[in-house]
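Here is how the chains run, residue by residue.
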Amino acid sequence: MTELLRVSHTMTLSWRYGTSWYFAEFIRALRDERRLLGLRCPVCRRVYLPPRVVCGNCYAELSEWVEVKDSGTVRAFTIVHIPIVDPTSGQPRPTPYGMALIQLDGADTTLNHYLAENNPAKLRIGMRVQAVWREERRGTLSDIVHFAAMNNQTMNDEQ
Amino acid sequence: MKRVAVIGTGQTKHTKARDDVSQTELVREATTRALADAGITIHEVDAIVLSNMELFEGRALPEMWVGEGAGGYRKPVTKIATGGTSGTSACIAGYHQCASGLFDIVLVVGWEKHSEGATQTGMALTDPLWDRNVASGAVGNFALSISQYVAERGVTPQQAAKIAVKARRNAARNPNAHLQMDGITVEKVLESRMLADPVHLLDMCPQSDGACAVIYAAEDRAKKLCPRPAWVRAAVTRHDQPYIGDLDRRLVTMRTLRDAAREAYQRVGISEPLKEIDVAEIYEPVSYAELAWYEALGFCAEGEAGRLIDDGVTEMNGELPVNPSGGVLSTNPVGASGVIRVAEAAAQVMGRAGDHQVADVRLALATGYGVYAWSDVMILSAG
Amino acid sequence: MNNDTMNNGVIIAGVNLLFNYAAGEAASRFLIALRDEKKIWGTRCPSCQRVLVPARSFCPRCFVDTTEWIEVGPTGTVSAFAPVFHLADPSGFGNPKGLSAALIRLDGADTALAHFIGETDAPQIGLRVVAVFAESRSGHILDIAYFKPA
Ligand SMILES: [Zn+2]
């Protein structure tokens, strides 16, 4: 049998993504004012976060800004144990870490983001969480470091 | 619209790394086997549809570089990529080409060589505006949706593990399957490394090198070429919104699969899928997903999926065997995986599934699942 | 991989990806002959009789296995060329200064090989060339460094 060869290449690729007015406005409010903005669909009235230009359900154009709070309710969670490559750093993300789908107060969609807690016994669907912000904001969703359980969160638990 | 049937299928042996063949040669291996199964030569093929996730292997325009492995020289060749659904979407596109009457014989080939690329990093290249900042890969995202499904339906880790065990036991009778695990048990699944709560390593699919081909023929050719062709009775595809947070409890509702199945059943006239369908090859990248798909596909009422696996209803000797091939949980070359579902369903109808053949198959179901919520459904029948 | 947001609403993102392509048996044999023997091989199609270079396991036109290994070159004829000054180099392939891209039909081959020509100020179609092998070879198409006038 022939010796079998492999040909290896490391490819360094870069991209420059143009965004849009809604992205710029969301980032401006997040970075400069520490506020989260969603866009409301004029037809179904759903508030989208992340904001986008079109409602997938109604195919209507979105233009009405709605302020969304940086607190919300956990709708799904997991503790990740495999070190996937963090696309924002290129490094494996230290494990374990908590992930959740969080419905921010005022939004109809959920946002996937990190949790401060990584013990599954202390997490449950319906618990209330609050964003922990980075001190110096750069204008990305990573300006929220993660979400932490709210004080007295059992009392505030959404049933 | 013409009636169309699958008249031949071909697969490679799926495995962790196929160093002995290039991608082009891998594709040719599956193609050659499908041509032999159909009893035709490449010169009788009128059009070709390819399926591959190009980003994983970093090869732009794989249809150009690899297409000649599918015999694409001077033929109409197109490529379909819709994530995990790529293979079933390519099968649906190939079916449309044949049913339209424009082509008599259409070849569909899907492949992936995960050993050649950077799949995990490739999968992290999601939407750069939002999603990429908060990515956790396929496993993390599944685990999120599973937490909702478990909370609402009460399925247990043991029930999910039974799905994982069923898949690997079935794979042991399929010589093409990638994972060959002797003595797999529920305990071993639950003892395997935790990837993302509650998903253990053995709850997840592997990454495989492999290719699979399916050949369609329009009615008159199909009848001449094949003693028992697998007739396409329905082919439905549905997409949803892009962000995982847009979806209403993804695995609980799974509205794309629900909608696609409902439409497919209507076309065929199926009212009781569990009773009427003889075998199903469904795209289950993780054990819990198969339980969720049972509900979305109407195999059971909501909340009854755990009972279905507890009662052995979907085992090889059950009322509706699901994934006799071992499924995606045993073999996952992504671009090929959907084609494998259709090829396996067709082989069951044609009576050519070998040691994992289910007796007397007249009606077979194949599904595809991609990214957060894309779904494809095909139904094949003997008559 | 990194992902950063600029103030003007443009996202600059980048990634390093490692790929490891299996050559397969036929291409491995071709590359090993370059590396170990400084020889160039093709394969003949039993149906159309063409000699394909680099060697391939099957003829894409006839869709049959190639059966016969044929040594070709190291001399050949330039069938097309283009001076290249600043080749983008995403693959990591080197492009030493002064080379022109060229298609070269090696003696004994029926296909043209895409490669480079050097050591000439006046490349032209029809120019007779010969392979110059690299000093250090690893089983790679650039084990042929370039072709020079024969
Ligand atoms: Zn030939």
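Residues numbered from 1 in each chain as written. Chains lettered and ligands numbered in written order. Predicted model: local features only at pLDDT ≥ 70, side-chain atom pairs only at ≥ 80, totals over all residues. Heavy atoms only, no water.

(A) How the structure looks around helix α1 (residues 24-37) of chain C. All names here are of chain C. The terminal C-alpha atoms of α1, which comprises 14 residues, lie 19 Å apart, in line with the 20 Å expected from a rise of 1.5 Å per residue. Within α1, the full set of buried residues consists of Gly24, Ala26, Ser28, Phe30, Leu31, Ile32, Ala33, Leu34 and Arg35. Remark: Lys38 follows α1 within two positions and exhibits a positive phi of approximately 50 degrees. (Helix = DSSP H or I, 4+ residues; strand = E, 2+ residues; numbered from the N terminus. Expected span 1.5 Å × (residues − 1). Buried < 20%, exposed > 50% of the residue type's maximum accessible area, 1.4 Å probe, protein only.)

(B) Spotlight on a nonpolar patch on the surface. A grouping of B:Leu61, B:Met64 and B:Trp65 is seen on the molecular surface, where their side chains present a nonpolar patch of about 340 Å² in accessible area. Take B:Met64: its relative accessible area is 52%, and that puts it in the exposed class. (Patch = residues over 30% accessible without salt bridge, like charges linked within 9 Å, V, L, I, M, F, W, Y side chains within 5 Å. Areas by Shrake-Rupley, 256 points an atom, 1.4 Å probe, with all protein chains shown as cover. Salt bridge = Lys/Arg side-chain N within 4 Å of Asp/Glu carboxyl O.)

(C) Highlighting the domain arrangement of chain B. All names here are of chain B. Partitioning chain B into domains gives domain 1 (4-119 + 208-225) and domain 2 (120-200 + 233-381). Computed from C-alpha coordinates alone, the two centres of domain 1 and domain 2 are separated by 22 Å. Across the boundary between the two partners, domain 1 contributes 41 residues, which contact 41 residues of domain 2. Carbon and sulfur atoms supply 65% of the area buried between domain 1 and domain 2, which totals about 2,900 Å² over both sides. Our count for the domain 1 to domain 2 interface comes out at 1 salt bridge. Residue Arg352 is joined to Asp37 by a salt bridge in which the shortest nitrogen-to-oxygen separation is 3.1 Å. Inspection of the domain 1/domain 2 interface yields 16 residue pairs in polar contact (both at pLDDT 80 or more). At the level of elements, β1 (4-11), α3 (86-99), β4 (105-113) and β7 (209-218) are the ones that each hand at least two residues to the side of domain 1 that touches domain 2. Broken down by element, the residue count for the side of domain 1 that touches domain 2 peaks at 7 residues, all from β7. (Domains from an automatic or database assignment. Contact = heavy atoms within 4.5 Å. Buried area = accessible area lost by both parts, 1.4 Å probe. Polar contact = N/O pair within 3.5 Å; in protein donor to acceptor, adjacent residues only side chain to side chain.)

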